[in-house]
Amino acid sequence: MKVTIKSWTGVATWRWIANDENCGICRMSFESTCPECALPGDDCPLVWGVCSHCFHMHCIVKWLNLQPLNKQCPMCRQSWKFNIH
Amino acid sequence: MLRAIGKRDRDIFEEVWPDKRRIVLKLLRQDTVSQREWQDLFFGVHFVCLWDEKGAAKIYDCLQQDIVEFIVQAQSQVQAQRGEQALLATYIVEWRKFFTQSNYLPLPFRQLEQSPQVKPSSSSSAASASGASTSAAAAASCSGQPGSSSSAVNKASASTSAAAAASSAASTSAAAASTSASTSSAAAAGAASSGSSSSSTSKKNPTEDSPVRKLMLDSWNMHIFHDIKHRLQESAMKIVHAERNGDAYDAQLVVGVRESYVNLSSNAEDKLEIYRENFEMAYLKATAEFYRLKSAEQQQENGVLAYMKYADAKLREEEVRAKRYLEPSSFNILTYTLVKVLIVDHLNSIIAECPALIRDYETERLNLMFRLMDRVLHGVGVEAMMSDLQRHIQSAGLADMLSASEVITQDSEKYVERLLELFNKFSDLVRNAFNDDPRFLTARDIAFKTVVNDTSVFKMELPTSIANRGVKYTAPESKCPELLANYCDMLLRRTPLSKRLTSEQIDARLRDVLLVLKYVNNKDVFMRYHKVHLTRRLILGTSADSEKEEDIVEWLREVGMPADYVNRLARMFQDIKVSEDLNTQFRSSISRHDAINIKILNAGAWARCSERVSVSLPIELEDYIPDVEEFYKKKHSGRKLQWYHHMSNGTITFVNNFGRYDLDVTTFQMAVLFAWNQRQHDKISYENLRLATELPDPELRRTLWSLVAFPKIKKQILLMEPAAINSPKDFAENTMFYINQEFAIVKNGKSQRRGKLNLIGRLQLSTERSQQEDNQSIVQLRILRTQEAIIKIMKVRKRMNNAALQGELIDILKNMFLPSKKMIKEQLEWLIEHKYMRRDDDDINMFIYVA
């Protein structure tokens, strides 16, 4: 007797790799959405700054729009730059 | 005439009138009047009015005398008649003669209208021009006082020229009319043949407002009509009565009497006054009395069902008769009277037949009954029928379900089909018997709701208690939504059923499901099961038609399923498509992974997979996993994968001495079978299998059971020792399992050397523990939805009483579930306790939103 795999369908969900449980701006869990959105996931993505802090994209964009001069990370006050991997 | 001018002091009236009076009498008698005489009369009236101060009044008085005299003669003629028909006939002849003359005689006397002496003696001011006082004056005019309507006076100057023109025209026609002695009857017949519109023809008559005409009619009314109207009515009603009994009579007699009633009225405001107060009343009374007797008799003799037919026929018959004998204004009140006598008085005995008729599906009779009942004011009868229908559908529907309960609780196809059959049957009934009347459709819908949501045939137990915010919640619910979802699954999955049906048939059945779903209270249960089935179909790729899958999502949106739920379903399709692209890319990146498929799901959109089960994968798979993860990390930075092995599955090739088979298995089954790869002939204990696979106890038991006792196959792939174990719970630590070396796929009693077999069955999407959690999650979700909806309402309303709040709440939630009163109350309490809202200090039923 011999058993070999012919094909396999693996099922997985994906999660954010975040350094925190909750978004520092809206305090909502990263696994759920920012307050404006209904569905978590691709529709309400996370973004990272070079300072390594991460937020809901909608939250940080809103925050940055409210800072006319120094666009800083709301957590560490370093100037905010998106970390594009 | 010129002589008269010289004698202005003498009484011109005395001089001129006796001559003219003869012409008047001729006219009254309908004797021949030459054109010259006719014109003389005009001149005479004009002359007297011009030269004699009191001429107008004198003429008027004289005229009145003549008319009364004439009428008295006519009266004696009429009164002399003994027989009813003769009386009517004579009266009608006399009346028509008189009435015709009342159109001509006033013409020469138009000048009297302008004379102040002839006007009513009422001292009313200018305000008397208003209609009310006019009619009052007219009513008082029975005393013989000429009541010239003031509006006529107002118009008089304007109409003088018109009247002059009309008078010459009328004079010729009068002359023509009077050429033959028998003209009167001919003219009357002509007037009668013009039908019931005779009252309207007189409207255009220029003599309409004439005081002389009024004088004539009032005199007739006072001297003849008053005395014999009872005899007239009685006679007319006797004729109608005889006609109702089937004897033929001259209908024209009744019509003629009616016309005299109508035309007699000199009241300009209400032309039908005399008619209504006498003729109509008598007619209604006679009708009611006739049918009061008849209906009781009919019902006793022939029974209620035949009586309904009788009543219906009589109602129609009387409508036709009314068109002949009554003015259109009386139709409504007559119908009302008839309905009262024929239907309302027998309402209870008729309604009592309704349940039996519904039971026997007697659409024709029901339709008849409905038509009768629909005539009854305030819908009393219809309401009774509606509740009968509702009761019947409920009890018959439930009885039908109960009688078939053994089959339908197991077989969702049979259940849905039976349900639809039931619905169609009753919908047909409503259409055929009640013409799809909206009131009956509502009754049907209410009854359907009861049947669908009934819990006596089968129920789904929702958790009896939940430790959620201290809430205890018990509710057995109908299993209907679950069965509906199952049926949907059978149609959408590749099954014998979906293969048998054409695409159109499947569409039609899916529509049917949505139709039933409309009546389901707890649609959230359907949504959950539908989603679970969809998940299974998408993961295993067993959809029969992926287009249809997406169609039904849109249909669900159309029937009002909550948007976030539908969006999630749509999201699932999107994930599957994205995963397909991902697979293509993955395979082209690393050549050796042709056999690997990945399905990366959006955690929020898919069915809740709360619990991840650890399993030790076969070595080959373990090797693939890091490659996939690495690949995904490159595609999407900042994301990591979480494997859900209880959903993943695959195909293995199983080779033994007998043959070579492709088996579709779950990953768990795969893990178990791989335990034998190194030691094919060993017997492995349950305990060791657990160590090898690292599966949690319940999952291992379930997986093993699916390998030793998969339903409907002759030879199982695993065997066990001892062999007499009846349930997965009975596996002991030392139960031994071993590969069935004789395993083969058996077809038509023959073992096959090659073949394909699906051992997945119903893919377990959740572990045993999370299944309980799932039921709880339904309840929990309901609690949250209720709270959310209450807050949503209160935020807008600020203040609201309990009843209104419950109403709105049910409206918001009805597309998901029907919140129980108890739950609403509990959630209100919870929200008050947590200071989201408070009760009004003065009114315990008033809630106030606390920001």
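Criteria and cut-off values
Residues numbered from 1 in each chain as written. Chains lettered and ligands numbered in written order. Predicted model: local features only at pLDDT ≥ 70, side-chain atom pairs only at ≥ 80, totals over all residues. Helix = DSSP H or I, 4+ residues; strand = E, 2+ residues; numbered from the N terminus. Buried ≥ 20, exposed ≤ 12 C-beta atoms within 10 Å, placed from the backbone. Contact = placed C-beta atoms within 7 Å. Expected span 1.5 Å × (residues − 1). Pairing = 2+ DSSP bridges. Axes fitted to C-alpha atoms, helices over the stretch in contact; angles between N-to-C directions. Parallel < 35°, antiparallel > 145°, perpendicular 65-115°, else oblique. Left-handed = near helix turned anticlockwise from the far one by under 90°. Nonpolar A, V, L, I, M, F, W, Y, C, P; charged D, E, K, R; others polar. pLDDT = per-residue confidence, 0-100. Core = buried A, V, L, I, M, F, W, Y, C linked by C-beta atoms within 7 Å. Arc of directions from axis to C-beta.

1. Comments concerning the overall build of chain A
Move 1: In terms of regular secondary structure, chain A is built from one helix and three strands.
Move 2: For chain A, the N- to C-terminal ordering of α and β elements is β-β-β-α.
Move 3: The 85 residues of chain A split such that 29% are buried.
Move 4: Nonlocal contacts in chain A, meaning residues at least 24 apart in sequence, comprise 38% of its contacts between residues at least 6 apart.

2. Overview of the overall build of chain B
Move 1: Within chain B, the regular secondary structure consists of 34 helices and 15 strands.
Move 2: Taken over 851 residues, chain B has a buried fraction of 35%.
Move 3: In chain B, the proportion of contacts linking residues at least 24 apart, taken out of those at least 6 apart, comes to 71%.

3. Quick word on helix H3 (residues 35–51) of chain B
Move 1: Along its 17 residues, H3(B) runs 24 Å from first to last C-alpha, staying within 8% of the 24 Å computed at 1.5 Å per residue.
Move 2: Listed in full, the buried residues belonging to H3(B) are Trp38(B), Leu41(B), Gly44(B), Val45(B), Phe47(B), Val48(B) and Cys49(B).

4. Quick look at the sheet that holds strand E9 (residues 736–739) of chain B
What links the strands of a sheet is backbone hydrogen bonding, and the strands pair in either a parallel or an antiparallel sense.
Move 1: If you trace the three strands from one edge of the open sheet to the other, you get E7-E9-E8 (chain B), paired in antiparallel fashion. Looking at strand neighbours, the two that pair on one side only are strand E7 (684–685) and strand E8 (718–721) of chain B, the edges of this open sheet.

5. As for the pairing of strand E15 (residues 846–849) of chain B
Residues and elements named next belong to chain B.
Move 1: Sheet topology places strand E13 (residues 799–801) next to E15; three bridges connect them, and they run antiparallel. Pairing of Met-800 across the sheet is with Phe-847, part of E15.
Move 2: Note: strand E14 (residues 837–839) against E15, three bridges, orientation antiparallel. Paired with Arg-838 across the strands is Ile-848, a residue of E15.
Move 3: Where E14 hands over to E15, the hairpin turn is made up of six residues, counted between the paired strands.

6. As for the packing of helix H26 (residues 546–558) of chain B against helix H27 (residues 563–589) of chain B
All names here are of chain B.
Move 1: Contact pair H26 / H27: the axes reach a minimum separation of 9 Å and the direction vectors enclose 165 degrees. Viewed along their axes, H26 and H27 adopt a mutual orientation that is roughly antiparallel. In the crossing of H26 with H27, the sense of the turn from one axis to the other is left-handed. For the pair H26 and H27, the contacting residues are Glu-550, Val-553, Leu-556 and Arg-557 in the first and Val-566, Leu-569, Ala-570 and Phe-573 in the second.
Move 2: For the contact of H26 with H27, a count of residues per class yields six nonpolar, no polar and two charged.

7. Some points on the interface of chain A and chain B
Move 1: The interface is formed by 26 residues belonging to chain A together with 46 residues belonging to chain B.
Move 2: Of all the secondary structure elements, the ones that give two or more residues to the side of chain A that touches chain B are strand E1 (2–16) and strand E2 (46–48) of chain A.
Move 3: Of all the elements, E1(A) adds the most residues to the side of chain A that touches chain B, at 15 residues.
Move 4: A class-by-class count of the residues in the side of chain A that touches chain B yields 14 nonpolar, seven polar and five charged.
Move 5: Note: E1(A) against strand E3 (residues 596–601) of chain B, six bridges, orientation parallel. Bridge pairing links Ala12(A) to Ile600(B) in E3(B).

8. Observations regarding the packing of helix H20 (residues 412–434) of chain B against helix H24 (residues 503–517) of chain B
For any two helices packed against each other, the geometry is given by the interaxial angle and the distance between the axes.
All names here are of chain B.
Move 1: Here H20 crosses H24 at 70 degrees, and the two axes come no closer than 11 Å. By the angle between their axes, H20 is roughly perpendicular relative to H24. In this structure, H20 uses Val-416, Leu-419 and Leu-420 to contact H24, whose residues at the interface are Asp-512, Val-513 and Val-516.
Move 2: Here the residues of the contact of H20 with H24 are counted per class, giving five nonpolar, no polar and one charged.

9. What to know about the confidence of the model for chain B
Residue and element names in this part refer to chain B.
Move 1: Of the residues in chain B, 81% have a pLDDT of 70 or more, and the chain-wide mean is 77.
Move 2: Note on residues 120–205: pLDDT under 50 across the span, and 104 contacts to partners over four residues away in sequence or across chains.
Move 3: Residue range residues 464–473 is modelled with pLDDT below 50. Its contacts to residues more than four positions away, or to other chains, number 15 contacts.

10. Structural notes on the sheet that holds E15(B)
Residue and element names in this part refer to chain B.
Move 1: In spatial order, the strands read E13-E15-E14; together these three strands make up an open sheet with antiparallel pairing. Strands with a single pairing partner mark the edges of an open sheet, and in this sheet they are E13 and E14. Averaged over all pairs of adjacent strands, the angle between their axes in this sheet comes to 25 degrees, without regard to strand direction.
Move 2: Along the sheet, helix H33 (residues 802–813) makes contact with E13 and E15, crossing E13 at roughly 95 degrees.

11. Looking at the pairing of strand E6 (residues 660–666) of chain B
Two faces, one strand: in a regular strand the side chains alternate between the faces of the sheet.
Residue and element names in this part refer to chain B.
Move 1: Judged from the seven bridges that link them, strand E5 (residues 649–655) and E6 form a sheet pairing that is antiparallel. Note on E6: the bridge partner recorded for Phe-654 is Tyr-661.
Move 2: Hairpin connection between E5 and E6: a loop of four residues separates the two successive antiparallel strands.
Move 3: Of the pairings in the sheet, the one linking E6 to strand E12 (residues 754–758) comprises five bridges and is parallel in character. Bridge pairing in E12 places Asp-664 opposite Asn-758.

12. Looking at the nonpolar core
All names here are of chain B.
Move 1: With 169 residues, the main nonpolar core has Ala-236, Met-369 and Leu-484 as its most contacted residues.
Move 2: Here this core gets twelve residues from one element, more than from any other, and that element is helix H11 (residues 211–244).
Move 3: Judged by nonpolar contacts, the second largest core, of 14 residues, contains Met-816, Phe-817, Leu-831 and Phe-847.

13. Things to note about helix H21 (residues 438–453) of chain B
Residue and element names in this part refer to chain B.
Move 1: Under the 1.5 Å per step criterion, the end-to-end length of H21 is 22 Å for 16 residues, consistent within 8% with the ideal 22 Å.
Move 2: Buried within H21 are the following residues: Phe-440, Ala-443, Arg-444, Ala-447, Phe-448, Val-451 and Val-452. Angular distribution of buried residues about the axis of H21 spans 165 degrees; they occupy a single face of the element.

14. Re the environment of Asp843(B)
Residues and elements named next belong to chain B.
Move 1: Inspection of the secondary structure assignment puts Asp-843 in the loop between E14 and E15.
Move 2: The exposure class of Asp-843 is exposed, given the 12 C-beta atoms found within 10 Å.
Move 3: A C-alpha to C-alpha distance of 8.8 Å links Asp-843 and Asn-801, two positions 42 residues apart in sequence.

15. A look at the environment of Glu327(B)
Residues and elements named next belong to chain B.
Move 1: Mapped onto the secondary structure, Glu-327 falls in the loop between helix H13 (273–325) and helix H14 (331–342).
Move 2: Given 19 C-beta atoms within 10 Å, Glu-327 falls into the partly exposed group.
Move 3: Considered as a pair, Glu-327 and Leu-272 are 55 residues apart in the sequence and their alpha carbons are 8.7 Å apart.

16. Details of unusual backbone geometry
Residue and element names in this part refer to chain B.
Move 1: Cis geometry is adopted by the peptide bond preceding Pro-722, which originates at Glu-721 and carries an omega value of -5 degrees.
Move 2: As for its placement among the helices and strands, Pro-722 is situated in the loop between E8 and E9.
Move 3: Positive phi is not limited to glycine here, since Tyr-361 has a value of about 60 degrees.
Move 4: For Tyr-361, a count of 13 C-beta atoms within 10 Å gives the class partly exposed.

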